Amino acid sequence: MLREGQVRIPSGCAISGIIQKQGKPEINGQQIVDSIAVMHDRSNGLGGGFAGYGIYPEYADSYALHIFYDDFSARQETEAYLDRYFDIVNLSRIPVRKNKNIVDEPMIWRYFVNPVFTKIQEDKGEIDEEKFIVEMVFYVNAAIDGAYIFSSGKNMGIFKAVGFPEDVGDFYKLEEYNGYLWTAHGRYPTNTPGWWGGAHPFGLLDYSVVHNGEISSYDANRRFIEMFDYKCTLLTDTEVITYIIDYLNRKQGFDFKTIADIIAAPFWEEIDRMPADEAQKYKILRNTFASLLITGPFSIICGYKGGLFALNDRLKLRSMVVGEKDDVVYIASEESAIRVICPDVENVWAPQGGEPIIVEVNGEAK
Amino acid sequence: MGINYIYPPFEIHRDPNRCIKCRVCERQCSNKCHVYDEELDVMKADESGCVDCQRCVSLCPTRALRIVPTENKFKKNYNWQQETIENIYRQAETGGALLSSMGNPRELPVYWDKMLINASQVTNPSIDPLREPMETRVFLGKKPNELKIDAKGNIVSELSPQIELDLPIMFSAMSYGSISANAHKALARAATDLGICYNTGEGGLARELYPYGPNTIVQVASGRFGVHTDYLMAGAGIEIKMGQGAKPGIGGHLPGKKIGEAVSRTRMIPEGSDAISPAPHHDIYSIEDLRQLIFSLKEATNYEKPVIVKIAAVHNVSAIASGIARSGADIIAIDGFRGGTGAAPTRIRDNVGIPIELALAAVDQRLRDEKIRNEVSIVVGGSIRNSADIVKAIALGADAVYIGTAALMALGCHLCRHCQSGLCNWGIATQREDLVKRLNPDIGTAHLVNLLHAWDHEIKEIMGGMGINSIESLKGNRLMLRGVGLSDRELDILGIKHAGE
């Protein structure tokens, strides 16, 4: 069977997210595991994963690279490459516990690294730090056989595997981590993936995306975003959505409200009814970024260092529920996934199609 | 009188039991095929001029007429076919190059018919076009690579001029001179009603059609007929015609007998003189010369009009397109080898040029590989025959399509392919006043509008079926297509997978 990247594997799923609005890393990893466990039937056991933010306070200023290795030589090659450009502050296997439902695990390693600018400038000249990290990740994933970097942000990390999400959470011992933002994903793909790297969330720098749905616009989006130095190697919806968000937020400098206006743009009949100035702005956005319109169904939660961004497609073809209690915001595919961890949650509501949920952390979280 | 080697290709069969001798066929046939014999009180037919335009058949009130291909043929020979032999006789007799009209009729692959479209099922819902918005609006023009937004959230970047279309379809260039004034009127009015554009072709723009300017693309061809400042400012965009799919590499020739008073005025040439469009533009001998013309036109129109460059689909179309995309053009129009024409040398029409499906796939991929796909929009034609072709073209990467032959058919054309004679019985490809009168612009407009409304409806149904509700999500979405009966090379060039994969 072909794996992600060799063939396109569509899937349906479950997603959940929790964010502490002050940026205080008080949410234990077990919470998000309990939340997604309740949506067991939305997955088929072929993928599960989590993203946690604020989980590495001792190494908050270093990039935390999470890497899968198929074999020892992949690890050697990768570490030699990292040594060229980075100061490796700490490295270790990611601690796991044996779970009978998680099998065929690759080697899973974690490195806290700082780019050494003098070494980079020698080789590559003046360079933007984040651009360099992205290029490094693309290089390792494409050129080094058997190595796959699946998390590359600061003070955040993605944990994923082939299995039900509650088993994945148990496997990675997520109860030992505390963060201010967690997202989770349970996968129901329609081919059999053989591969841990294909599970979700998909991450690049501090952007992580969990996605429920299957986008019809995939190839139109992919063939456009690849013009801007992104390589869609996994052929998954989540990958292309993450690249689109990275492109619009980091490279174009748009805020998340504008990003929602681009990827879930209002219909022309709505734009034609707007006042002239506003209509003109939406017209220009829709015309310029026509190929970044994402035609659904989709329900996404994107975590980033500044907070959380959640969105449904314009026709609201996937579910999404939001609730809040005591400075913590909960978002999930089902209300039950929120109630199981916060039984007295307040203000439960469902956003409209195309209406973004943006929760920014104030306070010192980065 | 020499030996007549060419037997008339068509026979006119009249059912005497049905014929009521109303003489409509006699009045309608400009090739003088029907005549009423007073003495014998019977209709007679002379098949020697018949071109099978179906005018008499369509108008006969009792359907008494049938035009059939003659059974009188040379001995069957796979290599030396009937027409091949007849063409040698013609050339031996006249010493002239063969001339033909309309698009390549030969049996060569039609790739549209070898591509199949996806539909959503189970993992992704289809969308109901009757209940949900289904958007087919497109903008043609150069797109910026970044947008600057000020503190208040307003966009401060300037966008290049765009052409806004309610449907991704435009009427292709057909010159006034090759087709009649009534045909042009119908195209102009229909384009305005539909919110799209039609193209003047290289014959200039008649004054009375200036009010339709916002829905007009004015063409600047190698003969520069009718080109003056008002003309350039009149349209929604300017098209530089570098080539045409039906006759790549050669120019055009409108015989003097078709240049009457009105045509002469619109083209700005003397009445009765031949209108010859030279092969290259004689001020464009290289890509940098094209860039110079593009900017001359933009200067002359104050940078208010997008500039389209129309090329024929030839072997190195990708490289040419890449050059054009970097030359300041806003839109590239590619015309495939099946494109129509008023008149072209037969051998060139039948043997020169490549299929538009392959050209489009190659150009779209090349521009994306070079990261310059945003510099231009792509419009394709030659030939687009129905709404499924349009969906496939957009999925391959086109922004919009041009239709020529299909539009003329909506006006009544029966593809008899004798436009070069100027005796079009349907009033389309002629300048003879008595014939032109037969094409009623009101009815013509209504037919064009009907055709495109029908296609729009079909496009929306197909889009909804594949779970797409905005045409921009279909553009370049190659995964929505699969090939059947195509070789690996063909699949590779089209950039699509085989059905079953």
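All values derive from a computational prediction rather than experimental measurement.

Draft legend 1. The arrangement of the overall build of chain A in detail. Regarding its fold elements, chain A presents 11 helices and 18 strands. In summary, chain A has a C-alpha radius of gyration of 20 Å against a globular reference of 21 Å for 366 residues, a match within 12%. For chain A, the spread of C-alpha atoms along the three principal axes comes to 60 × 50 × 45 Å. For chain A, with 366 residues in total, the buried portion stands at 63%. Of the contacts made within chain A by residues no fewer than 6 positions apart, 75% connect residues no fewer than 24 positions apart. Carbon and sulfur atoms make up 46% of the accessible area of chain A, which amounts to about 13,000 Å² in all. Distance between charge centres in chain A, computed from 36 positive and 53 negative side chains, equals 2 Å.

Draft legend 2. Focus on the overall build of chain B. Scanning chain B for helices and strands turns up 15 helices and 21 strands. Its C-alpha atoms give chain B a radius of gyration of 24 Å, near enough to 23 Å, the size a compact globule of 501 residues would have. Counting the 501 residues in chain B, one finds 54% classified as buried. Considering only intrachain contacts with a sequence separation of at least 6, the fraction spanning at least 24 residues in chain B is 69%. Surface exposure of chain B reaches about 22,100 Å², of which carbon and sulfur atoms provide 51%.

Draft legend 3. Here's a closer look at the packing of helix 11 (residues 387-396) of chain B against helix 14 (residues 441-465) of chain B. All names here are of chain B. Close contact between helix 11 and helix 14 brings their axes to 9 Å; oriented N to C, the two are set at 55 degrees. With respect to helix 14, the axis of helix 11 lies oblique. In the crossing of helix 11 with helix 14, the sense of the turn from one axis to the other is right-handed. From helix 11, S387, A388, I390 and V391 reach across to helix 14, where they touch W455, E458, I459 and I462. Of the residues contributing to the contact of helix 11 with helix 14, the split by class is six nonpolar, one polar and one charged.

Draft legend 4. The nonpolar core, seen in detail. With 124 residues, the main nonpolar core has M136(A), Y172(A), L248(A) and F309(A) as its most contacted residues. With 114 residues, the next largest nonpolar core counts F267(A), V218(B), V401(B) and I496(B) among its residues.

Draft legend 5. Representation of the environment of F289(A). With respect to the helices and strands, F289(A) occurs in the loop between helix 10 (276-288) and strand 13 (298-304). With sequence-adjacent residues up to four places away left out, F289(A) is seen in contact with Y247(A), L248(A), Q252(A), F254(A), I262(A) and L147(B).

Draft legend 6. Quick peek at the pairing of strand 15 (residues 321-325) of chain A. Residue and element names in this part refer to chain A. With four of five residues buried, strand 15 lies mostly within the body of the structure. In this sheet, strand 17 (residues 346-349) lies alongside strand 15 in antiparallel orientation, the contact comprising two bridges. Directly across from V322, in strand 17, lies its bridge partner W349.

Draft legend 7. Focus on a negative patch on the surface. A cluster of acidic side chains, namely E26(A), D326(A), D327(A) and D344(A), defines a negative patch on the protein surface. Overall, the relative accessible area of 53% leaves E26(A) in the exposed class.

Draft legend 8. Highlighting the interface of chain A and chain B. Across the contact, 39 residues belong to chain A and 42 residues belong to chain B. When the buried surface of chain A facing chain B is broken down by residue, R223(A), M227(A) and N287(A) rank first, second and third, together holding 21% of it. If you look at where chain A meets chain B, you find 27 residue pairs in polar contact (both at pLDDT 80 or more). Every element with two or more residues in the side of chain A that touches chain B is listed here: helix 6 (218-225), helix 9 (268-271) and helix 10 of chain A. Considering each element in turn, the side of chain A that touches chain B owes the most residues, seven residues, to helix 10 of chain A.

Draft legend 9. Representation of the pairing of strand 2 (residues 34-37) of chain B in the model. All names here are of chain B. Examined bridge by bridge, strand 2 and strand 3 (residues 42-45) share four bridges and lie antiparallel to one another. What sits directly across from V35, in strand 3, is K44. Here strand 2 folds back onto strand 3, and the loop between the two strands holds four residues, one of which, D41, carries a positive phi near 50 degrees.

Draft legend 10. How the structure looks around unusual backbone geometry. Along the chain, H200(A) connects to P201(A) via a cis peptide bond; the corresponding omega equals 10 degrees. Mapping P201(A) onto the fold places it in the loop between strand 10 (181-189) and strand 11 (202-204). Notably, R23(B) is not glycine yet its phi reads approximately 70 degrees, a positive angle. For R23(B), the position within the fold is in the loop between strand 1 (10-14) and helix 1 (24-28). Positive phi, normally seen in glycine, also occurs at K371(B), with a value near 65 degrees. Here K371(B) lies in the loop between helix 10 (356-369) and strand 18 (377-381).

The rules we used
Residues numbered from 1 in each chain as written. Chains lettered and ligands numbered in written order. Predicted model: local features only at pLDDT ≥ 70, side-chain atom pairs only at ≥ 80, totals over all residues. Heavy atoms only, no water. Helix = DSSP H or I, 4+ residues; strand = E, 2+ residues; numbered from the N terminus. Rg over C-alpha atoms; globule rule 2.2 N^0.38 Å. Buried < 20%, exposed > 50% of the residue type's maximum accessible area, 1.4 Å probe, protein only. Contact = heavy atoms within 4.5 Å. Areas by Shrake-Rupley, 256 points an atom, 1.4 Å probe, with all protein chains shown as cover. Lys, Arg positive; Asp, Glu negative; His and termini not counted. Charge placed at Lys NZ, Arg CZ, Asp CG, Glu CD. Axes fitted to C-alpha atoms, helices over the stretch in contact; angles between N-to-C directions. Parallel < 35°, antiparallel > 145°, perpendicular 65-115°, else oblique. Left-handed = near helix turned anticlockwise from the far one by under 90°. Nonpolar A, V, L, I, M, F, W, Y, C, P; charged D, E, K, R; others polar. Core = buried A, V, L, I, M, F, W, Y, C linked by side-chain atoms within 4.5 Å. Pairing = 2+ DSSP bridges. Patch = residues over 30% accessible without salt bridge, like charges linked within 9 Å, V, L, I, M, F, W, Y side chains within 5 Å. Salt bridge = Lys/Arg side-chain N within 4 Å of Asp/Glu carboxyl O. Buried area = accessible area lost by both parts, 1.4 Å probe. Polar contact = N/O pair within 3.5 Å; in protein donor to acceptor, adjacent residues only side chain to side chain.

Taken by themselves, the reported measurements are silent on function.
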